[in-house]
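Take a look at the letters that make up each chain.
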Amino acid sequence: MPMIADSALDQIFREARTYNGYTDQPVAQEELHAIWDLMKMGPTSANQLPARMVWCTSDEAKAKLADCCSAQNKPKILNAPVSVVIGMDIDFHDHLPELFPHADAKSWFEGNEALRKESAMRNSSLQGAYFIVAARALGLDTGPMSGFDADKVNAAFFADTPKVRVNFISTLGHGDPSTIFDRSPRPDFAKFNRVA
């Protein structure tokens, strides 16, 4: 497989930033579908795809999410064109007969909720990262964050699906450069890596 263009690497990684605010340029519904259509292609264990996304586009939905968040995150959520709840389905295994028909993968997780929780967290986190990369690849910016009350988010957005729980949240739009500060340090390979 050939390496992608250096300009694409800049857009996705080197020049991309986490944004605290956005321009007034809207995000179309088609762009949300396009993000999903890319991020769903990223690998997860046994094609689990445990992420469950809530795309908050209405003022009402964003206000509901903002009410679950820290004071510093509330205005970010309210002012973003879209705010996204990245949830995880603890009962993802119910879909494995369809998503991973090569083996009886559902039986690997039956009766073991602790294993499902661990796997859902790991793989929905991967999908959350794919969401960020997909958004950047499509010319959008994100502001992933913690700083929320998970129980409140679960009650507000997943009350009818109690096995789905929030992993993290993010804003989405066209980033306003005035809302970011200088990039934090990114150490060289030797600081946090070793080759065994």
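Residues numbered from 1 in each chain as written. Predicted model: local features only at pLDDT ≥ 70, side-chain atom pairs only at ≥ 80, totals over all residues. Heavy atoms only, no water.

Caption draft 1: View of the side chain of asparagine 73. Checked against the element boundaries, asparagine 73 lands in the loop between α3 (59–66) and α4 (74–79). There is a polar contact of 2.9 Å between the side chain of asparagine 73 and the backbone oxygen of serine 146. (Helix = DSSP H or I, 4+ residues; strand = E, 2+ residues; numbered from the N terminus. Polar contact = N/O pair within 3.5 Å; in protein donor to acceptor, adjacent residues only side chain to side chain.)

Caption draft 2: Spatial organisation of the packing of aromatic side chains. Taken as a whole and assessed by the stated rule, the structure comprises 3 aromatic pairs. Taken together, a centroid distance of 5.9 Å and an interplanar angle of 65° make the contact between tryptophan 55 and phenylalanine 131 edge-to-face. With tryptophan 55 in strand β1 (residues 51–56) and phenylalanine 131 in helix α7 (residues 113–137), this residue pair connects regions lying 76 residues apart in the sequence. Across the ring face of phenylalanine 157, the terminal group of lysine 64 is positioned such that the distance to the ring centre comes to 4.8 Å. (Phe/Tyr/Trp six-rings, centres within 6.5 Å; stacked < 30°, edge-to-face > 60°. Lys NZ or Arg CZ within 6 Å of the ring centre and 35° of its normal.)

Caption draft 3: Quick peek at the sheet that holds strand β2 (residues 82–89). Pairing is antiparallel in the open sheet, where 4 strands are placed in the order β1-β2-β4-β3. Two strands bound the open sheet, and with one partner strand each, they are β1 and β3 (141–145). When the angles between neighbouring strand axes are averaged without regard to direction, this sheet yields 25°. Relative to strand β4 (residues 164–173), β2 is paired through 8 bridges, and the arrangement is antiparallel. Paired with isoleucine 86 across the two strands is phenylalanine 168, which belongs to β4. The sheet contacts of helix α8 (residues 150–157) involve β1, β2 and β4, and relative to β4 the element is tilted by about 85°. (Pairing = 2+ DSSP bridges. Axes fitted to C-alpha atoms, helices over the stretch in contact; angles between N-to-C directions. Contact = heavy atoms within 4.5 Å.)

Caption draft 4: Focus on the layout of surface pockets. By volume, the largest pocket is sized at about 250 Å³. As for the largest pocket, its lining consists of 18 residues, and the residues nearest its centre are Arg17, Thr18, Tyr19, Phe181 and Arg186. In this structure, the second largest pocket spans a volume of roughly 150 Å³. The wall of the second largest pocket is formed by Leu38, Met39, Met41, Gly42, Pro43, Tyr130, Val133, Ala134 and Ala137. Elements supplying a minimum of two residues to the lining of the second largest pocket: α2 (29–39) and α7. The biggest single contributor to the lining of the second largest pocket is α7, with 4 residues. Looking at the lining of the second largest pocket, its residues break down into 8 nonpolar, 1 polar and no charged. (1 Å grid on protein atoms, 1.4 Å probe; cavity = no way out; pocket = protein on both sides within 12 Å on 5 of 7 lines; lining within 4 Å. Points joined across faces, edges and corners; volume = space filled by probe spheres on them. Nonpolar A, V, L, I, M, F, W, Y, C, P; charged D, E, K, R; others polar.)

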